[in-house]
Amino acid sequence: MRILGIETSCDDTAIALVETKDNQRTSFRILSNAIASQISIHQQYGGVFPMLAKREHQKNLPLVLEQVFKEHNFDPARPAIDAIALTYGPGLSPCLWAGITFAQELAKKWNLPVIPVDHIEAHLLIGLMRQSNDFLQFPPDTIFPSVALIVSGGHSQIVLMKERGKYEIIGETRDDAAGEAFDKTARILGLPYPGGPSIAKQALIPTNRTFAITLPRPMMRSKDFDFSFSGLKTAVLYDYQARTPEERESQEYIREMSSEIQQAIVDVLVSKTLKAVEQFQAKSVILGGGVAANTALRERFREKLSEGVQLLAPLPQLSTDNGAMIAIAGYFRYIKGEYPQDASTIEAKPNLRISQVC
Ligand code: KG4
Ligand code: ZN
């Protein structure tokens, strides 16, 4: 079966074509994974403006689709596709609608079903897939119970997955998402959007001057599994403002601050996740979302996870938003018949929560 996956929940217009091979453990082959990024547009503003992003999606969707079709010599009138999977939430409402309208038009033209997909579930599922040759394969059920840390520009959640398809949000951010904390602090330091990769790059460079920066680790010791990152942003701003222009514009300051921001975020994410692993006797940790591409975060998990607890992390290029994860999540909904008969009834759910979809 071949599924087209469409993703427009934030600032990436992504379309992928995925083929499934049904055996005991479902396998997927990514045939195309095309993305039109809006980074250069949003870089000017240091963040994503929904209406601007929507216009870009509307412009890019036909172009990205054309690219996928060209890769496979598809006849646009009758492409060899069996279903369309599409993100209907959570995300920015105008952006979600751009994808929904586009998918509805395609479904009508080709007479195909449209499967609405939860963006967080998609990050989680691509996070747990194992790579074997050219295939992504669902791992054996020995990974359950599993604790998933889904951290992106829009979301920071800890999701308990006791078994396949059963989700419970046990912790989440009370304000900014982890990726947002990277993006906002990078902006203070004058580093380019998206902030995560910019800060990670700066943090890698050693410095020989020190400013003795110490940032808070918000809510790290609280008893729940929730996060709060807005205080971190404020602390960075205060430290920045307290420095002389010569100090704060120096490369050494930017590097040390980047390293401290990354460490503070990693400390909080890892400590909360480990606490959940212990409490629920988890057999694995699943990482997903753009921040899961962060090398320091992955390394820390590898160091800290006790033997017998597996770390399941997506390939870095599949951590950030992509259409392949939507197609894969769509497949699991499709085989359970969880999609509407009439695609025109699909609506955007900007605040969709993963526990609602199962
Ligand atoms: O999942 P994603 O592509 O989009 C959303 O659903 O939000 O995540 C984008 C976020 C941005 O905030 C970006 O700064 C962050 O992921 N990010 C990273 C890295 N790569 C992307 N954060 C830390 N380290 C990275 N290497
Ligand atoms: Zn995402």
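Throughout, residues of each chain are indexed from 1 in the direction in which the sequence is written. Chain A is the first chain written and ligand 1 is the first ligand written, with later ones labelled in order. Under the rules for a predicted model, residues below a pLDDT of 70 receive no local features and side-chain atom pairs below 80 are neither given nor counted, while totals for whole chains, interfaces and linings still include all residues. Side-chain measures were taken over the full set of non-hydrogen atoms in the model, leaving aside hydrogen atoms and water.

Visitor: It is not clear to me how the UniProt feature "binding site: Fe cation" (unreviewed entry) in the chain should be interpreted in this structure. Could you clarify?
Guide: UniProt tags His-119, His-123 and Asp-321 as "binding site: Fe cation" (unreviewed entry). Look at the named residues: they lie 203 residues apart in sequence, but the longest C-alpha span between them is just 8.8 Å, so in the fold they bunch up. Relative to the helices and strands, His-123 resides in helix α4 (residues 119-128). Residue contacts are defined here by distance: any two heavy atoms, one from each residue, within 4.5 Å place the two residues in contact. His-123 has contacts with Ile-150, Gly-288, Gly-289, Gly-290, Ser-319, Thr-320, Asp-321 and Met-325, leaving out every residue within four places of it along the chain. As for its position among the elements, Asp-321 is in the loop between α11 (316-319) and α12 (323-335). Look past the residues within four positions of Asp-321 in its chain and what remains in contact with it is Glu-7, Ser-9, Cys-10, Asp-12, Ile-35, His-119 and His-123. Nitrogen and oxygen atoms within 3.5 Å of one another constitute a polar contact, given that in protein one can donate a hydrogen and the other can accept it, and given that sequence-neighbouring residues count only through two side-chain atoms. A distance of 3.1 Å separates polar atoms of two side chains, one belonging to Asp-321 and the other to His-119. UniProt positions are given in the numbering used here, feature names are shortened, and annotations may be inferred rather than shown by experiment. For the purposes of this entry, the term helix denotes a DSSP run of H or I that reaches at least four residues, the term strand denotes a run of E that reaches at least two, and both are numbered from the N terminus.

Visitor: How should I be thinking about the coordination of the zinc ion (ligand 2) in this particular structure?
Guide: Six octahedral donors around a metal ideally sit at 90 or 180 degrees from one another, while four tetrahedral donors ideally sit at 109.5 degrees. Each metal's donors are the N, O and S atoms within 2.8 Å of it, or within 3.2 Å when it is Na, K or Ca, and because water is not part of the set, sites may look incomplete. The protein atoms that coordinate the zinc ion (ligand 2) are His-119 (NE2), His-123 (NE2) and Asp-321 (OD), at distances of 2.0 to 2.1 Å. Coordination of the zinc ion (ligand 2) draws on donor residues from a single chain, spaced H-x3-H-x197-D in sequence. You can see His-119 sitting in helix α4 and its partner Asp-321 sitting in the loop between α11 and α12, a full 202 residues away along the chain. A relative accessible area of 11% places Asp-321 in the buried class. Think of it in three bands: residues with accessible area under 20% of the maximum for their type are buried, residues over 50% are exposed, and the middle band is partly exposed, with areas taken using a 1.4 Å probe on protein chains only.

Visitor: Would you explain the site of ligand 1 in this entry?
Guide: Surrounding ligand 1, one finds 19 residues, the nearest of these being Gly-153, Asp-183, Gly-196, Asn-294 and Asp-321. Taking Asn-294, its side chain carries an N or O atom lying 2.9 Å from a nitrogen atom of ligand 1. Per-residue and other accessible areas follow the Shrake-Rupley method at a 1.4 Å probe size, with only the shown protein chains counted as cover for residues. For ligand 1, the protein covers 91% of the area, taking 560 Å² as the surface of the free molecule. Elements supplying a minimum of two residues to the shell around ligand 1: α4, α5 (178-188) and α6 (195-204). Residue composition of the shell around ligand 1, grouped by class: five nonpolar, twelve polar and two charged. Domain assignment of the residues forming the shell around ligand 1 places at least three in each of domain 1 (2-129 + 317-357) and domain 2 (146-313). Nearness is judged by heavy atoms alone; a residue qualifies as near a molecule or strand once a single heavy atom is within 4 Å of it. In this classification, the charged set is Asp, Glu, Lys and Arg, the nonpolar set is Ala, Val, Leu, Ile, Met, Phe, Trp, Tyr, Cys and Pro, and all remaining amino acids, among them Gly, are polar. Where each domain starts and ends follows an automatic or database-derived domain assignment.

Visitor: Is there a simple way to think about the environment of Ile-188 in this case?
Guide: Structurally, the position occupied by Ile-188 is in helix α5. Given a relative accessible area of 18%, Ile-188 falls into the buried group. Sequence separation between Ile-188 and Phe-69 is 119 residues; the distance between their C-alpha atoms is 41 Å. Discounting chain neighbours no more than four positions away, the residues touching Ile-188 are Lys-233, Val-236, Leu-237 and Tyr-240.

Visitor: It is not clear to me how the domain arrangement of the chain should be interpreted in this structure. Could you clarify?
Guide: A common way to express how large an interface is: the accessible area buried when the components associate. The assigned domain composition of the chain is domain 1 (2-129 + 317-357) and domain 2 (146-313). Between domain 1 and domain 2, the contact holds 23 residues from the first and 24 residues from the second. Buried area is a sum: the accessible area each of two parts loses on coming together, probed at 1.4 Å, counted once for each and added. Taking both partners together, domain 1 and domain 2 bury about 2000 Å²; carbon and sulfur atoms supply 63% of that area. Salt bridges, as used here, are contacts in which a Lys or Arg side-chain nitrogen is within 4 Å of a carboxyl oxygen on Asp or Glu. If you look at where domain 1 meets domain 2, you find one salt bridge. In this structure, Arg-353 and Glu-172 form a salt bridge, with 2.8 Å as the shortest nitrogen-oxygen distance. Counting across the interface, domain 1 meets domain 2 through six residue pairs in polar contact (both at pLDDT 80 or more). If you list the elements that add at least two residues to the side of domain 1 that touches domain 2, you get α1 (39-43), α4 and α12.

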